[in-house]
Amino acid sequence: TDATHFSPDGICTRAQAVTFLWRAAGSPAAKSAVMPFTDVKAGSYYYDAVLWAVENGITQGTTATTFGPGIICTRAQVVTFLYRYSGEEAETASSFSDVAADAYYAGAVNWAVENGVTQGVTATAFQPNSSCTRAQIVTFLYRYMAA
């Protein structure tokens, strides 16, 4: 968050989450130069990351024309970004009581557990709607990239 602080307990925004993933992927250049979102300005630190994430099906934004870069990123959104990036499928259902089988993130949570990205906050809860901290997202990334 500055030259000497990471702020591990700080809440992660959608812009930060996508940027962390983009950097972990090697900061690949996007093939397109057309930004579909009106709230992602050229020159912003996350511009290239969002363009790459859209191009690769990692995010579709919060609406057809907005990304919501300053919106707090949930744990469900973070594992969904990682899941879409992986291109893999989940093979088993989770045992988390707070992850409905038909939730948009259910497959992502299942995949994350199968691949050792997370074990949830307890044995029976994932807390999908909780804010994702900066420490949690880099831990998820580390576990995924190290596997």
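Residues numbered from 1 in each chain as written. Predicted model: local features only at pLDDT ≥ 70, side-chain atom pairs only at ≥ 80, totals over all residues. Heavy atoms only, no water.

1. Overview of the overall build of the chain
Next up, step 1: Across its full length, the chain holds five helices and zero strands.
Next up, step 2: The order of α-helices and β-strands along the chain, N terminus first, is α-α-α-α-α.
Next up, step 3: For a compact globule of 147 residues, the expected C-alpha radius of gyration is about 15 Å, and the chain comes in at 15 Å, within 12% of that figure.
Next up, step 4: Dimensions of the chain, computed from the C-alpha atoms along their principal axes, are close to 40 × 35 × 25 Å.
Next up, step 5: Within the chain, the fraction of its 147 residues that count as buried is 41%.
Next up, step 6: Sequence-distant contacts, at least 24 apart, represent 72% of the contacts inside the chain between residues at least 6 apart.
Next up, step 7: With an accessible surface of roughly 7,500 Å², the chain has 54% of that area assigned to carbon and sulfur atoms.
Next up, step 8: Seen as two clouds, the 8 positive and the 11 negative side-chain charges of the chain have centres 7 Å apart. (Helix = DSSP H or I, 4+ residues; strand = E, 2+ residues; numbered from the N terminus. Rg over C-alpha atoms; globule rule 2.2 N^0.38 Å. Buried < 20%, exposed > 50% of the residue type's maximum accessible area, 1.4 Å probe, protein only. Contact = heavy atoms within 4.5 Å. Areas by Shrake-Rupley, 256 points an atom, 1.4 Å probe, with all protein chains shown as cover. Lys, Arg positive; Asp, Glu negative; His and termini not counted. Charge placed at Lys NZ, Arg CZ, Asp CG, Glu CD.)

2. Some thoughts on unusual backbone geometry
Next up, step 1: In the Ramachandran plot, Ser-7 falls in the positive-phi region, its phi being about 60 degrees despite a non-glycine side chain.
Next up, step 2: As for its placement among the helices and strands, Ser-7 is situated in the segment before helix 1 (14–24).
Next up, step 3: Backbone geometry places Ser-27, a non-glycine residue, at a positive phi of 55 degrees.
Next up, step 4: Relative to the assigned elements, Ser-27 resides in the loop between helix 1 and helix 2 (47–55).
Next up, step 5: Residue Ser-27 is classed as partly exposed on the basis of its relative accessible area, which comes to 34%.

3. Some points on the packing of aromatic side chains
Next up, step 1: Tallied over the entire structure, the rule returns nine aromatic pairs.
Next up, step 2: Between Tyr-85 and Tyr-144, the ring centres sit 6.1 Å apart and the planes meet at 80 degrees, which makes this aromatic pair edge-to-face. Residue Tyr-85 is found in helix 3 (residues 75–86), and its partner Tyr-144 is found in helix 5 (residues 134–146); the two are separated by 59 residues along the sequence.
Next up, step 3: Judged by its relative accessible area of 27%, Tyr-85 falls in the partly exposed class.
Next up, step 4: Centroid distance Phe-96 to Phe-126: 5.9 Å. Interplanar angle 35 degrees. Geometry classified as tilted. Residue Phe-96 is found in the loop between helix 3 and helix 4 (106–114), and its partner Phe-126 is found in the loop between helix 4 and helix 5; the two are separated by 30 residues along the sequence. (Phe/Tyr/Trp six-rings, centres within 6.5 Å; stacked < 30°, edge-to-face > 60°.)

4. A few points about the environment of Ile-137
Next up, step 1: Mapping Ile-137 onto the fold places it in helix 5.
Next up, step 2: For the pair Ile-137 and Gly-57, spaced 80 residues apart in sequence, the C-alpha separation works out to 19 Å.
Next up, step 3: In this structure Ile-137 touches Cys-12, Ala-17, Phe-20, Val-78 and Cys-132, once residues within four positions along its chain are discounted.

5. Here we look at the nonpolar core
Next up, step 1: Of all hydrophobic cores here, the largest spans 42 residues; its most connected members are Val-40, Val-50, Leu-82 and Ile-137.
Next up, step 2: Going through the elements one at a time, helix 1, helix 2, helix 3, helix 4 and helix 5 are the ones with two or more residues in this core.
Next up, step 3: Apart from residues no more than four positions distant in its own chain, Leu-82 is found in contact with Leu-21, Trp-111, Val-117, Phe-140, Leu-141 and Tyr-144. (Core = buried A, V, L, I, M, F, W, Y, C linked by side-chain atoms within 4.5 Å.)

6. Focus: the packing of helix 1 against helix 5
Next up, step 1: Where helix 1 contacts helix 5, the axes come no closer than 11 Å and their chain directions differ by 25 degrees. Between helix 1 and helix 5, the crossing angle belongs to the class labelled roughly parallel. The two elements helix 1 and helix 5 cross, and the hand of that crossing is right-handed. Residue-level contacts link Gln-16, Ala-17, Phe-20, Leu-21 and Ala-24 of helix 1 to Arg-134, Ile-137, Val-138, Leu-141 and Met-145 of helix 5.
Next up, step 2: Classifying every residue of the contact of helix 1 with helix 5 gives eight nonpolar, one polar and one charged. (Axes fitted to C-alpha atoms, helices over the stretch in contact; angles between N-to-C directions. Parallel < 35°, antiparallel > 145°, perpendicular 65-115°, else oblique. Left-handed = near helix turned anticlockwise from the far one by under 90°. Nonpolar A, V, L, I, M, F, W, Y, C, P; charged D, E, K, R; others polar.)

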